[in-house]
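Commentary on secondary and tertiary structure
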Amino acid sequence: MKSKIKAFMDLVKQRNQFEPEFLQAVEEVAETVIPYIVNNEIYYGKNILLRMVEPERVLMFRVPWIDDSGEIVVNRGFRIEMNSAIGPYKGGLRFHPTVNLSILKFLAFEQVFKNALTTLPMGGGKGGADFDPKGKSDGEIMRFCQSFMSELFRHIGPNTDIPAGDIGVGGREIGYLFGMYKKLRNEFTGVLTGKGMSWGGSLIRPEATGYGTVYFAQSMLETRNDTLKGKVVTVSGSGNVAQYACEKAMQLGAKVVTLSDSGGYIYDKDGIDESKLAFVMKLKNNKRGRISEYVEKYPNAKYIAGERPWGVKCDVAMPCATQNEVNLSDAKKLLANGCFVISEGANMPSEPDAVHAFQAAKILYAPGKASNAGGVATSGLEMSQNSLRIVWTREEVDERLQRIMANIHKNCIKYGKQDDGYVDYVTGANIAGFVKVADAMLAQGVV
Ligand code: NDP
Ligand code: 2IT
């Protein structure tokens, strides 16, 4: 089996030499899915995984715009249309200076499996630009979004490819992108998700990724007859996903003690309560400030510059910032401190060695493609509402979200339960996602 996996990876490496994050995401899937393919004749000998690692289409384009000082700036825009076997391409846009082909291909590849897990009819895609929104004025953000959409619009559509938010892309950016799309196409349609409530958005979409990550942690704890009540939780990030993971964990009786950004983390041993979280939301979403400002408002808390929160003692950890933010040494610290639940809000936040350490310790570890699927699932619910031209209530959307997360958990158990009863959620998520997409690809022929 090892030699089969190696032969496959050698081929993928040869073709994608300079894409480390993409290779990392593919290797994790290959390790778990190739043994399944070998043991299941209908998938064997058809190069299905080889087809899945090749994007159906990669778009790369110039994004010129003019900054507030009159300077012409040129960024690079991308859209990876990875797989449309089970539905139109669906996935977020990331605006961050680190964006490149490797990062977006890893995200698009993960998205294919994640979207399949939601049970909704969505293929996988991802896009973005190497644009840094930090420190930019509203006008600069708008001009950038308009320039970006002035090329992207010809490649997307409500039945073709439906982008949404990711790092650096939230409600404000989706608004500017939507406005430009509508103008160019002369069409008001559900081409983006994460829209505002008065123009086609869905209730609960802003909350969905963070809430879903907590619902998934809850389902994992239930397997050990436990709950979140009284648990100490560390969260990284302080953006969209982190904020709502914090909110739901708090509502379910847990004590969240950390948040972070790329500058460092805050540790509040008393726990982040509703009013403290409201302060963070205003700080991050309106003022676009730094998490270090938390300790100016709440001096009992500490700010630790240049570090991540994984050395803080906790029961549950939820990485909600970015890829590869938990390394082996962080994993060892978490385990030594008694952490026994990891629910990933971010995409691929744990390095492979860290994942292996969690699995070896047999803790409850959920990979992002399972635990953070609530965001895109609720995007799928936004698309349904757009097609039906109706708006569901908050309760209705939240109930559907909870049902979807519980179902993903059940599917991970179905495909990931080991002989000794331990649930390997990585194997479970990868195989469950693979089966759905592979069956559709087989039915549709070699295309
Ligand atoms: P936001 O832009 O709202 O927030 C990102 C947060 O992560 C910020 O606090 C940011 O800090 C921090 N961060 C970003 N890059 C780094 C870095 N290189 N090092 C340290 N901290 C960093 O993004 P989201 O909350 O939407 O996304 C967070 C994660 O969740 C990403 O991995 C994303 O792919 C994933 N995700 C998002 C979904 C969504 O619906 N939004 C759905 C599923 C997954 P700073 O401000 O300093 O950069
Ligand atoms: O990584 C993700 O799942 C997202 N950024 C959300 C994608 C979406 O289409 O809602």
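Our subject is the structure listed above.
Report follows, based on the coordinates. (Residues numbered from 1 in each chain as written. Chains lettered and ligands numbered in written order. Predicted model: local features only at pLDDT ≥ 70, side-chain atom pairs only at ≥ 80, totals over all residues. Heavy atoms only, no water.)

**Focus on the overall build of the chain**
- A tally of regular secondary structure across the chain gives 16 helices and 12 strands.
- When its C-alpha atoms are laid out on the principal axes, the chain stretches across 60 × 50 × 45 Å.
- For the chain, the share of sequence-separated contacts (at least 6 apart) that also reach a separation of at least 24 residues comes to 71%.
- Between the mean site of the 54 positive side-chain charges and the mean site of the 50 negative ones, the chain shows a separation of 2 Å. (Helix = DSSP H or I, 4+ residues; strand = E, 2+ residues; numbered from the N terminus. Contact = heavy atoms within 4.5 Å. Lys, Arg positive; Asp, Glu negative; His and termini not counted. Charge placed at Lys NZ, Arg CZ, Asp CG, Glu CD.)

**Side note on the site of ligand 1**
- Taken together, 25 residues lie around ligand 1, and Asp-166, Thr-209, Ser-262, Arg-290 and Asn-347 are the ones closest in.
- Between ligand 1 and the protein, one listed contact pairs an oxygen atom with a backbone N or O atom of Gly-168 at 2.9 Å.
- Contact distances for ligand 1 include 2.4 Å between an oxygen atom and a side-chain N or O atom of Ser-262.
- Contact with the protein chains removes 83% of the 890 Å² of surface that ligand 1 exposes when unbound.
- Where the shell around ligand 1 is concerned, the elements lending two or more residues are α7 (205-222), α8 (240-251) and β7 (255-261). (Near = heavy atom within 4 Å. Polar contact = N/O pair within 3.5 Å; in protein donor to acceptor, adjacent residues only side chain to side chain. Areas by Shrake-Rupley, 256 points an atom, 1.4 Å probe, with all protein chains shown as cover.)

**What about the pattern of salt bridges?**
- Per the stated rule, a full pass over the model turns up 26 salt bridges.
- Two residues, Glu-110 and Lys-369, come together in a salt bridge whose shortest N-O distance is 3.4 Å. Of this pair, Glu-110 sits in helix α4 (residues 101-117) while Lys-369 is found in helix α13 (residues 368-371), placing the two residues 259 residues apart along the sequence. The pair Glu-110 / Lys-369 is uniform in exposure class, with both members buried.
- The partner of Glu-293 in a salt bridge is Lys-287, and the shortest N-O contact between them spans 3.1 Å.
- On the accessibility criterion, Lys-287 (59% relative accessible area) is exposed.
- If you follow the salt bridges from partner to partner, you end up with Glu-28, Glu-110 and Lys-369 in one network. (Salt bridge = Lys/Arg side-chain N within 4 Å of Asp/Glu carboxyl O. Buried < 20%, exposed > 50% of the residue type's maximum accessible area, 1.4 Å probe, protein only.)

**Some thoughts on the packing of aromatic side chains**
- For the structure on display, the rule yields 22 aromatic pairs.
- With centroids separated by 6.1 Å and ring planes inclined at 35°, the aromatic side chains of Tyr-36 and Tyr-43 adopt a geometry described as tilted. Exposure class is identical for Tyr-36 and Tyr-43. Each is buried.
- Relative to Trp-199, the ring of Phe-178 has its centre 5.2 Å away and its plane inclined at 35°; by these criteria the two rings are tilted. One end of the pair, Phe-178, is in helix α6 (residues 171-185); the other, Trp-199, is in the loop between α6 and α7, and 21 residues separate them in sequence.
- Ring pairs connect the aromatic residues Phe-61, Trp-65, Phe-95, Phe-131, Phe-144 and Phe-148, which therefore count as one cluster.
- The aromatic ring of Phe-22 is capped on one face by Lys-105, whose charged end is 4.5 Å from the ring centroid.
- Sitting over the ring of Tyr-211, Lys-248 keeps its end group 4.4 Å from the ring centre. (Phe/Tyr/Trp six-rings, centres within 6.5 Å; stacked < 30°, edge-to-face > 60°. Lys NZ or Arg CZ within 6 Å of the ring centre and 35° of its normal.)

**Notes on the sheet that holds strand β6 (residues 232-235)**
- The mixed open sheet is built from seven strands, whose spatial order is β9-β8-β7-β6-β10-β11-β12. Of all strands in the sheet, those bounded by a partner on one side alone are β9 (302-305) and β12 (364-366). Each strand of the sheet is rotated relative to its neighbour by a mean of 15°, with strand direction disregarded.
- Note that β6 and β7 share three bridges and pair parallel. Counted as the bridge partner of Val-232 is Lys-255 from β7.
- Seen against the sheet, α7 touches β10 (316-318), β11 (341-343) and β12 and runs at an angle of roughly 150° to β11. (Pairing = 2+ DSSP bridges. Axes fitted to C-alpha atoms, helices over the stretch in contact; angles between N-to-C directions.)

**Here we look at the nonpolar core**
- Among the nonpolar cores identified, the biggest contains 59 residues, and Phe-216, Val-235, Leu-259, Ile-272, Met-318 and Ile-408 are the most heavily contacted of them.
- The biggest single contributor to this core is α7, with eight residues.
- Contacts of Met-318, omitting those with residues within four sequence positions, involve Thr-213, Val-214, Val-233, Thr-234, Val-235, Ser-236, Ala-245, Ala-249, Trp-310 and Ser-343.
- Ranked by size, the runner-up nonpolar core spans 42 residues in total, among them Ala-30, Ile-34, Tyr-43 and Val-112. (Core = buried A, V, L, I, M, F, W, Y, C linked by side-chain atoms within 4.5 Å.)

**A few points about the pairing of strand β3 (residues 89-95)**
- Where burial is concerned, most of β3 is hidden: seven out of the seven residues are buried.
- Two elements, β3 and strand β5 (residues 161-164), share four bridges in a ladder whose sense is parallel. Each residue of the ladder has a partner; that of Gly-92, found in β5, is Ala-164.
- Both β3 and strand β4 (residues 124-129) contribute to a ladder of three bridges, which runs parallel. Bridging from a neighbouring strand, Phe-95 pairs with Ala-129 of β4.
- A crossover links β3 with its parallel partner β4, the connecting element being α4, and its sense is right-handed. (Right-handed = clockwise from strand over helix to strand, strands pointing away.)

**Here we look at the site of ligand 2**
- Around ligand 2 sit 14 residues, and of these Lys-90, Lys-114, Asp-166, Arg-205 and Ser-379 come closest.
- Asp-166 is positioned such that a nitrogen or oxygen atom in its side chain is 2.9 Å from a nitrogen atom of ligand 2.
- When ligand 2 is considered free in solution it has 300 Å² of accessible area, and contact with the protein chains removes 94% of it.
- Listing elements by their share of the shell around ligand 2, those giving two or more residues are β3, α4 and α14 (374-388).
- In terms of residue class, the shell around ligand 2 is made up of two nonpolar, seven polar and five charged. (Nonpolar A, V, L, I, M, F, W, Y, C, P; charged D, E, K, R; others polar.)

**Some remarks on the environment of Leu-401**
- Relative to the elements of secondary structure, Leu-401 occurs in helix α15 (residues 394-416).
- Placed 193 residues apart in sequence, Leu-401 and Ala-208 show a C-alpha to C-alpha distance of 7.5 Å.
- If near-sequence neighbours (up to four positions away) are discounted, Leu-401 is found in contact with Ile-204, Ala-208, Tyr-211, Tyr-215, Gly-374, Thr-378 and Leu-381.

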